[in-house]
Every structure is written in structure tokens, then in C-alpha cells.
Amino acid sequence: MRKYLLLVAAALLLAAPAMGLTIQGSAHDLSNTTGGGAAGDIDELCVYCHSPHGVTASVSAPLWNRGMSNATQIYSGVDIQATYDLTSYNATDAPLCLSCHDGASIGGALTNPPNSGGALYSPALGADADLGTNLSNDHPIGFDYAAIDAGSGAGEDSEIKLITDATAAGVQFFGASSNIMWCSSCHDVHDPANVPFLLVDNTSSNLCLACHDK
Ligand code: HEC
Ligand code: HEC
Ligand code: HEC
Ligand code: HEC
């Protein structure tokens, strides 16, 4: 009977639809039992980014439990129709990501440290993950995607797919209008299934082709 149940369970597992993985055990798990933290580091993981109480207030930061680190320089581009500036960049989630990925702030105090205690995550970021605050060599963000998509008028780009087609392909847009491009337009911080934390598997550049008509 037990063997039979195990077989049924195994069959159900095999038949289960493909699902996202969990953040637990991923590069974004900074705890020390399941994640990359060292002994004595805080043994929770959400708390490194969110807390249910006493958090940093900001419209772009969901219950954010850290400081923010603003971008200082932005991509200037070769043939850009999108409109953005430093202020619009820093109204995205970039300052949340850079609160670790600027290479300097990851050891900074949490806004509301956990009652369970423990020291802050102690390992350093690898060179690839250290973006600094100069985003002039990174893909542009911080603009209204729907303002330029698939148009032929002034300020529009005929080789950028319609926002409805892009979201159907799996990317996301944010802000009050739900049209603004963030880091999380390409990344899902919670799901390591498509390395590195991508919303769309980039095999054959499928992520790029979600937005670019090339
Ligand atoms: C490394 C930082 C980080 C960690 C760790 C993290 N989050 Fe998030 N979370 C974010 C960021 C950044 C956003 C905003 C971008 C977005 O909406 O995906 C967010 C958004 C959210 C949201 C609102 C939007 C949504 O996706 O539903 C919820 C709910 C959430 N996180 C829950 C959690 C929980 C629960 C955990 C722990 C199991 C967790 N997060 C761990 C960074 C993190
Ligand atoms: C979520 C949508 C989206 C995704 C995914 C995306 N891009 Fe873009 N990309 C854009 C938009 C919008 C622009 C701005 C186009 C404009 O201003 O005309 C842009 C601009 C660019 C530019 C032009 C920069 C210039 O200076 O003119 C390049 C090159 C580029 N992206 C490459 C990529 C590559 C490579 C990928 C995949 C790794 C990718 N993009 C993924 C939306 C996206
Ligand atoms: C609490 C700190 C923290 C925050 C906030 C954070 N990250 Fe990370 N992230 C890390 C650490 C630590 C690593 C692992 C770095 C390493 O291996 O050197 C990492 C790795 C990554 C990787 C590489 C994953 C891989 O498989 O190699 C990506 C992509 C990434 N983060 C994107 C983001 C984005 C996008 C945001 C914001 C939406 C964000 N992160 C916010 C700490 C953070
Ligand atoms: C247009 C899509 C797109 C946007 C927007 C984007 N990323 Fe990425 N990111 C990628 C892709 C694709 C990779 C994997 C590159 C590779 O493997 O060649 C990546 C890799 C990374 C890595 C791993 C290190 C590396 O360079 O390979 C980090 C960390 C990261 N992104 C953070 C961010 C942060 C922070 C933002 C916002 C400031 C951001 N990303 C915005 C597509 C994007």
C-alpha cells in the first residue's frame, strides 16, 4: 500500500505542470540554512527585502525593509525614442536592486531587523553582480513603454512590439499606469527558474524578442 501511494505521488509529481521555482535556496536567499549566508547570519530570507511592519515608505517599494541606492548615471543610447531621465530611473525599482547591487550597500542595516536576531548577510557580491550606481552601460529603464510601442509617428518606434504582445510574451510593466519599464520588466527577484532570475527564458533570445521586433 505504502509503495503504491509513493508511486501515485511520483506519478502526480511527474504530471504536475511546469511551475516557477521558489526563492528559497536561490541567489536571493541570504539566510544561512537554505541560502548563502554564513553561520550566525539572520536565518530568514524575506526580511532582507521586506518586513510586515515599520518599513521604508515609497510608492515603488513594496513593504521595503532596506535603504535605497539611487542610480547616478543612465544609458544615453544610440537611437532612442523612449523618454527618461535620472528622476524617472530612480522612480523605478532600480534603487531597491541597487541597495545590494551597487556593491557597497548590501551590508547596510535593515529598516526593521527581525526579532529572531542574527547578524547581516556577510559574503561579498561577485564582480558580475556588482553593477555600481552608474547604469550608463545597462539596458534603459524608467520610461513609458506604451508611449513608443509599434508606432510610426514622431517619438515612436516601429520595431518595439505592442505592450499587449510584450506582456502576453511574459514581461511586465509597473507604476500607476502599469506601462513603466523597471528592472523587474525583465527580472523576477523571487523566481530563479530562468537563470538569472529572468521572467522569460532567454534561450534563442526569447526575452529580447518579447519586446523587440527584430
Ligand atoms: C532580494 C530582495 C527580495 C527578497 C529576498 C524578497 N523580495 Fe519580494 N519583492 C522584491 C522586489 C524588488 C519587489 C518589487 C518588484 C516586483 O513587484 O516583483 C518585490 C515584490 C513583492 C511582492 C509584491 C508584488 C508581487 O510580486 O506579488 C510581494 C507580495 C513579495 N515581494 C513577497 C515576498 C516574500 C513573501 C518574500 C520571501 C519569501 C520575498 N518577497 C522576498 C524583492 C525581494
Ligand atoms: C520589456 C521590454 C524589453 C525587453 C525584454 C528588452 N528590451 Fe531592449 N529596449 C526596449 C525598449 C522599449 C527600448 C527603447 C527603444 C527606443 O527608444 O526606441 C530598448 C532599447 C534597446 C536597445 C537600443 C539602445 C539604443 O541605444 O538605441 C538595444 C540594443 C536593446 N534594447 C537590446 C535588448 C536586448 C539584447 C534584449 C535582451 C537581452 C532586450 N533589449 C530586451 C524594451 C525591451
Ligand atoms: C538583499 C540584497 C539584494 C537585493 C535587494 C537584490 N539582490 Fe539580486 N542578488 C543578491 C545577491 C547576494 C546575489 C548573488 C550575488 C553573487 O553571486 O555574487 C544576487 C544575484 C542576482 C542576480 C544573478 C543571479 C544568478 O543566478 O547569478 C540577478 C539577475 C539579480 N540578483 C537581480 C536583482 C534585481 C533585478 C533586483 C531588484 C529587482 C535585485 N537583484 C535585488 C542580492 C540582492
Ligand atoms: C531588458 C531586460 C533587462 C533589464 C531591464 C534589466 N536586466 Fe538585468 N539582466 C538581463 C539579462 C538578459 C541578464 C543575463 C545576461 C547574460 O546572461 O548574458 C541580466 C543579468 C543581470 C545580473 C547578473 C549579472 C550580469 O551582468 O550578468 C544582474 C545583477 C542584473 N541583471 C540586475 C539588473 C538590475 C539591477 C536591473 C535594473 C537596474 C536590470 N538588471 C535590468 C536583462 C535585463
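Every residue gets a number counted from 1 within its own chain, in the order that chain's sequence is written. Chain labels run from A onward and ligand labels from 1 onward, assigned in the order the entries are written. In keeping with the model being predicted, local features are shown solely for residues with a pLDDT of at least 70 and side-chain atom pairs are shown and tallied solely at 80 or more, while totals for entire chains, interfaces and linings include all residues. Water and hydrogen atoms play no part in the side-chain values, which are based on all heavy atoms of the structure.

- Looking at an unreviewed UniProt entry, the protein chain carries the name C-type cytochrome, with the source organism given as Desulfuromonas versatilis.

**Some points on the coordination of the iron atom of ligand 3**
Phase 1: The donor set comprises N, O and S atoms within 2.8 Å of the metal, extended to 3.2 Å for Na, K and Ca; water molecules are omitted, so apparent gaps in a site may simply reflect that omission. Coordination of the iron atom of ligand 3 by the protein involves His 28 (NE2) and His 101 (NE2), with metal-donor separations of 2.0 Å.
Phase 2: Because the angles between the 6 donor atoms bound to the iron atom of ligand 3 fall within 88 to 179 degrees, the donor set is best described as octahedral. Of the two residues, His 28 is situated in the loop between helix H1 (2-15) and helix H2 (86-89) and His 101 in helix H3 (residues 94-101); the sequence distance between them amounts to 73 residues. Only two sets of limits are used to name each site, 85 to 135 degrees for every angle of a tetrahedral four-donor site, and over 155 degrees for opposite donors with all other angles from 65 to 115 for a square planar four-donor or octahedral six-donor site, with any other site named irregular. Each helix is a run of DSSP H or I of at least 4 residues and each strand a run of E of at least 2, with the numbering of both proceeding from the N terminus.

**A look at the site of ligand 4**
Phase 1: Proximity is defined per residue: any heavy atom of the residue falling within 4 Å of a molecule or strand makes that residue near it. Of all residues adjacent to ligand 4, which total 16 residues, the nearest are Cys 97, Asp 128, Cys 183, Cys 186 and His 187.
Phase 2: In this count, Pro and Cys sit with the nonpolar residues alongside Ala, Val, Leu, Ile, Met, Phe, Trp and Tyr, while Asp, Glu, Lys and Arg are called charged and the others, Gly among them, polar. Here the residues of the shell around ligand 4 sort into 11 nonpolar, 4 polar and 1 charged.

**Describing unusual backbone geometry**
With glycine set apart, most residues show a phi of negative sign, and most peptide bonds adopt trans.
Phase 1: Val 195 connects to Pro 196 through a cis peptide bond whose omega is -5 degrees.
Phase 2: With respect to the secondary-structure elements, Pro 196 resides in the loop between helix H4 (163-168) and helix H5 (206-211).
Phase 3: Phi at Ala 150 is positive, roughly 50 degrees, even though this residue is not glycine.
Phase 4: Tracing the sequence through the fold places Ala 150 in the loop between H3 and H4.
Phase 5: Backbone geometry at Ser 205 places phi at a positive 60 degrees, although glycine is not the residue there.
Phase 6: With respect to the element layout, Ser 205 can be found in the loop between H4 and H5.

**Here we look at the coordination of the iron atom of ligand 2**
Working reference: metal with six octahedral donors, ideal angles 90 or 180 degrees; metal with four tetrahedral donors, ideal angle 109.5 degrees.
Phase 1: Taken together, the protein ligands of the iron atom of ligand 2 are His 139 (NE2) and His 212 (NE2), with distances of 2.0 Å.
Phase 2: Each of the 6 donor atoms bound to the iron atom of ligand 2 contributes to angles spanning 88 to 179 degrees, and the resulting shape is octahedral. Taken together, the residues His 139 in the loop between H3 and H4 and His 212 in the segment after H5 connect sequence positions 73 residues apart.

**Comments concerning the site of ligand 2**
Phase 1: In the vicinity of ligand 2 lie 21 residues, with His 139, Asp 157, Cys 208, Cys 211 and His 212 positioned nearest.
Phase 2: A distance of 2.5 Å separates an oxygen atom of ligand 2 from a polar backbone atom of Val 78.
Phase 3: Side-chain atoms alone can form a polar contact between residues adjacent in sequence; in general such a contact is a pair of N or O atoms within 3.5 Å, and within protein one must be able to donate a hydrogen while the other accepts it. In the model, a nitrogen atom of ligand 2 is placed 2.8 Å from a nitrogen or oxygen of the His 212 side chain.
Phase 4: Split into classes, the residues belonging to the shell around ligand 2 amount to 15 nonpolar, 4 polar and 2 charged.

**Quick notes on the packing of aromatic side chains**
Phase 1: Planes of paired rings set the category: under 30 degrees apart is stacked, over 60 is edge-to-face and the rest tilted, where pairs are Phe, Tyr or Trp rings (Trp by its six-membered ring) whose centres lie within 6.5 Å. All told, the structure shown has 5 aromatic pairs when counted by the stated rule.
Phase 2: Centre to centre, the rings of Tyr 145 and Phe 173 are 4.5 Å apart; their planes meet at 35 degrees, and the pair counts as tilted. Residue Tyr 145 is found in the loop between H3 and H4, and its partner Phe 173 is found in the loop between H4 and H5; the two are separated by 28 residues along the sequence. The same class applies to Tyr 145 as to Phe 173, namely buried. Partly exposed describes any residue whose relative accessible area lies between the buried limit of under 20% and the exposed limit of over 50%, with all areas from a 1.4 Å probe on protein chains only and scaled to the type maximum.

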